[in-house]
Amino acid sequence: DSGVTQTPKHLITATGQRVTLRCSPRSGDLSVYWYQQSLDQGLQFLIQYYNGEERAKGNILERFSAQQFPDLHSELNLSSLELGDSALYFCATSSGRYQETQYFGPGTRLLVL
Amino acid sequence: AQKVTQAQTEISVVEKEDVTLDCVYETRDTTYYLFWYKQPPSGELVFLIRRNSFDEQNEISGRYSWNFQKSTSSFNFTITASQVVDSAVYFCALESNFGNEKLTFGTGTRLTIIP
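For clarity, every value in this text was computed on a predicted model and none was experimentally measured.

Draft legend 1. Just the pattern of salt bridges, in detail. All names here are of chain A. According to the stated counting rule, one finds 6 salt bridges over all chains in the structure shown. We note a salt bridge from Arg63 to Glu82, for which the minimum N-O separation is 3.7 Å. In this pair, Arg63 is assigned in the loop between strand 6 (53-57) and strand 7 (64-68) and Glu82 in the loop between strand 8 (74-78) and strand 9 (87-94), connecting sequence segments 19 residues apart. Among the residues examined, Glu82 registers a relative accessible area of 43% and is labelled partly exposed. Arg63 is the salt-bridge partner of Asp85, the closest N and O atoms lying 2.8 Å from each other. Here Asp85 is found in the loop between strand 8 and strand 9, whereas its partner Arg63 is found in the loop between strand 6 and strand 7, with 22 residues between them in sequence. We note that Asp85, like Arg63, is buried. If you follow the salt bridges from partner to partner, you end up with Arg63, Glu82 and Asp85 in one network.

If you want it as structure tokens, here you go:
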């Protein structure tokens, strides 16, 4: 158990809908990273927050957004969902110091029908 | 640009055999970190090791060992006396300042240990 929690574990929704994925970091971790794992794209970095501020952006679609709250939990919002958004979404957290190890949550498996 | 290549898509070995998973990386940065993660069938990503670019010593942890060679930009992972519980997808990853601290993953190697 990495200490990182993600909810929900599974999510089934329809195209065009909006969903919110939640991540709670390990105690003391200030950085949250979101990754998407799909069959065709593999594991890809989406976005990073550090202590409430966006720090780095990767291959995140404009339909997706994220934020980190004062209690350091983070939410990833996916809107106007398409079939191709079906994937496993991981969050990872680290202490936030330069290049510390990222510990991953169990992931949220999203299925868009 | 950063890149991690895991050329072995799938490997199958009989239990108790040794197996080596290859990882080759590319980065322009002189300071970087290399990682291995394990993804068992249950789906979570389990951290195995982190190695910085200035430490080329090989590391051993039980049946696992890692060989880091900057000269060939490789960070290979060996499992000795494999067990069925080692069956998983293994990812090599790279993090560097140039990459803004995000992890760049290889495509993974699916390891199957045959009882």
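Don't stop here, the text continues.
Draft legend 2. How the structure looks around the pairing of strand 8 of chain A. All names here are of chain A. Most of strand 8 is tucked away: 5 of the 5 residues are buried. Covered by surrounding structure in strand 8 are Ser74, Leu76 and Leu78 together with Glu75 and Asn77, the residues of both alternating faces. Across 5 bridges, strand 3 (residues 19-24) lies against strand 8 in antiparallel orientation. Counterpart to Cys23 in the pairing with strand 8 is Ser74. Inspection of the sheet shows strand 7 paired to strand 8 by 5 bridges, in the antiparallel sense. Among the inter-strand pairings, Ser65 is bridged to a residue of strand 8, identified as Asn77. Here strand 7 folds back onto strand 8, and the loop between the two strands holds 5 residues, one of which, Leu72, carries a positive phi near 80°.

Draft legend 3. How the structure looks around the interface of chain A and chain B. Counting residues at the interface gives 18 residues for chain A, matched by 20 residues for chain B. Roughly 1,700 Å² is buried in total at the junction of chain A and chain B, and carbon and sulfur atoms are behind 54% of that figure. Linking chain A with chain B are 0 salt bridges, by the criterion used here.

Draft legend 4. Region of the structure containing unusual backbone geometry. All names here are of chain A. That bond from Thr7 to Pro8 is cis: its omega, -10°, falls within 30 degrees of zero. Among the secondary structure elements, Pro8 is positioned in the loop between strand 1 (5-7) and strand 2 (10-13). At Leu72, a residue that is not glycine, the phi angle is positive and equals roughly 80°. Mapped onto the elements of the fold, Leu72 is located in the loop between strand 7 and strand 8. A relative accessible area of 16% places Leu72 in the buried class.

Draft legend 5. Region of the structure containing the side chain of Gln2 of chain B. Inspection of the secondary structure assignment puts Gln2 of chain B in the segment before strand 1 (3-5). A polar side-chain atom of Gln2 of chain B sits 3.0 Å from a polar atom in the side chain of Thr104 of chain B.

Draft legend 6. Quick peek at the sheet that holds strand 7 of chain A. All names here are of chain A. Judged by pairing direction, the sheet is antiparallel, and its 4 strands sit side by side in the order 1-3-8-7 without closing on themselves. A strand with exactly one partner marks an edge of an open sheet, and here the two such strands are strand 1 and strand 7. Put simply, the sheet's adjacent strands are angled 15° from each other on average, direction ignored.

Draft legend 7. Looking closely at the environment of Gln102 of chain A. If you trace the backbone, Gln102 of chain A turns up in the loop between strand 9 and strand 10 (103-104). The buried category is assigned to Gln102 of chain A, whose relative accessible area is 0%.

Thresholds applied
- Residues numbered from 1 in each chain as written.
- Chains lettered and ligands numbered in written order.
- Predicted model: local features only at pLDDT ≥ 70, side-chain atom pairs only at ≥ 80, totals over all residues.
- Heavy atoms only, no water.
- Salt bridge = Lys/Arg side-chain N within 4 Å of Asp/Glu carboxyl O.
- Helix = DSSP H or I, 4+ residues; strand = E, 2+ residues; numbered from the N terminus.
- Buried < 20%, exposed > 50% of the residue type's maximum accessible area, 1.4 Å probe, protein only.
- Pairing = 2+ DSSP bridges.
- Contact = heavy atoms within 4.5 Å.
- Buried area = accessible area lost by both parts, 1.4 Å probe.
- Polar contact = N/O pair within 3.5 Å; in protein donor to acceptor, adjacent residues only side chain to side chain.
- Axes fitted to C-alpha atoms, helices over the stretch in contact; angles between N-to-C directions.

Such coordinate-based values are descriptive only and should not be taken to indicate function.
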